[in-house]
Amino acid sequence: MADSSMDIVSKVDRQEVDNALNQAVKEINQRYDFKNVGASIAWSGDNIVMIANSEERVLAVLDVFQTKLIKRGVSLKAFDTGDKGPQPSGKEYRLEGSLKEGLAGENAKKITKIIREEGPKSVKTQITGDEVRASSKSRDDLQEVQALLRGADLDFAVQFTNYR
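A brief structural summary. (Residues numbered from 1 in each chain as written. Predicted model: local features only at pLDDT ≥ 70, side-chain atom pairs only at ≥ 80, totals over all residues. Heavy atoms only, no water.)

1. Section: the sheet that holds strand E9 (residues 159–161)
Strands sit in the order E7-E8-E1-E9 across an open sheet of four strands; the sheet is antiparallel. On the outer flanks of this sheet lie strand E7 (124–128) and E9, each paired with one strand and no other. The mean inter-strand angle of the sheet, taken between neighbouring strand axes irrespective of direction, is 30°. With three bridges connecting them, strand E1 (residues 4–9) and E9 associate as antiparallel partners. In the strand pairing of E9, Val9 is matched with Gln159. Helix H3 (residues 105–118) contacts E1, E7 and strand E8 (131–136) of the sheet and is inclined by roughly 175° relative to E7. Lying on the sheet, helix H4 (residues 139–151) is in contact with E1, E8 and E9; it crosses E1 at an angle near 15°. (Pairing = 2+ DSSP bridges. Helix = DSSP H or I, 4+ residues; strand = E, 2+ residues; numbered from the N terminus. Axes fitted to C-alpha atoms, helices over the stretch in contact; angles between N-to-C directions. Contact = heavy atoms within 4.5 Å.)

What follows is the structure, encoded as structure tokens:
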């Protein structure tokens, strides 16, 4: 019997993010507490820019957007605003966020270490580009690895693809 395998990746469905952004724009335009504060959210290249006339309003726009991301099934770990808060820019405040995609070398090593130390011993891992391939004779072991990674405290989103 051939080995079963799966890929562990960190990808974001751009269409779902775009849908969440459009829903956030609609809500911001309709809500009473956003009237006359210049609140907006939009794409700026690959980044998402939120603008309002006060720090609190920018953070409220961020909250609306994050709520829409959750409803669309996009992990908040995939959206990064950095460590800094809203920055003053003239008479308004701006906050930029970006989408994190792909497993960087350090994150891929962290995943393989977790699987090696806590996972079933029959599971073998291999880092290929920005994904990790896990293979084993037993599909149950791969499902155990999925549960292990879902429960792990990782600071990035993971998905499982090519499960065969």
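Text resumes after the structure shown.
2. Section: the nonpolar core
Ranked by size, the top nonpolar core spans 26 residues in total, and within it Val17, Phe34, Ile41, Met50, Phe65 and Phe79 carry the most contacts. With seven residues, the top contributor of residues to this core is helix H2 (residues 55–71). (Core = buried A, V, L, I, M, F, W, Y, C linked by side-chain atoms within 4.5 Å. Buried < 20%, exposed > 50% of the residue type's maximum accessible area, 1.4 Å probe, protein only.)

3. With respect to unusual backbone geometry
The phi angle at Asn36 is positive, at roughly 60°, despite the residue not being glycine. Mapped onto the secondary structure, Asn36 falls in the loop between helix H1 (14–30) and strand E2 (40–44). Judged by relative accessible area, which is 79%, Asn36 ranks as exposed. Within the chain, Asn162 stands out as a residue other than glycine whose phi angle is a positive 50°. Looking at where Asn162 falls in the secondary structure, it is placed in the segment after E9.

4. Details of the pairing of E1
The buried fraction of E1 is high, at six of six residues. Burial along E1 is two-sided: the face carrying Ser4, Met6 and Ile8 and the face carrying Ser5, Asp7 and Val9 are both buried. Here E1 runs beside E8; their pairing, made up of five bridges, is antiparallel. Its bridge partner being in E8, Ser4 is matched across the sheet by Ser136.

5. Section: the side chain of Thr112
Position of Thr112 relative to the elements: it lies in helix H3. Of note is the side chain of Thr112, whose polar atom sits 2.8 Å from the backbone oxygen of Lys109. The contact partners of Thr112, leaving out residues within four places of it in the chain, are Thr125, Ile127 and Val132. (Polar contact = N/O pair within 3.5 Å; in protein donor to acceptor, adjacent residues only side chain to side chain.)

6. Some remarks on H1
The terminal C-alpha atoms of H1 lie 24 Å apart, and with 17 residues this matches the ideal 24 Å at 1.5 Å per residue to within 8%. The set of residues buried in H1 consists of Val17, Ala20, Leu21, Ala24 and Ile28. Mapping the buried residues of H1 onto a view down its axis gives an arc of 100°, with all of them on the same face. Across from the buried face of H1, at angles greater than 90 degrees, the exposed residues are Lys26, Asn29 and Gln30. (Expected span 1.5 Å × (residues − 1). Arc of directions from axis to C-beta.)

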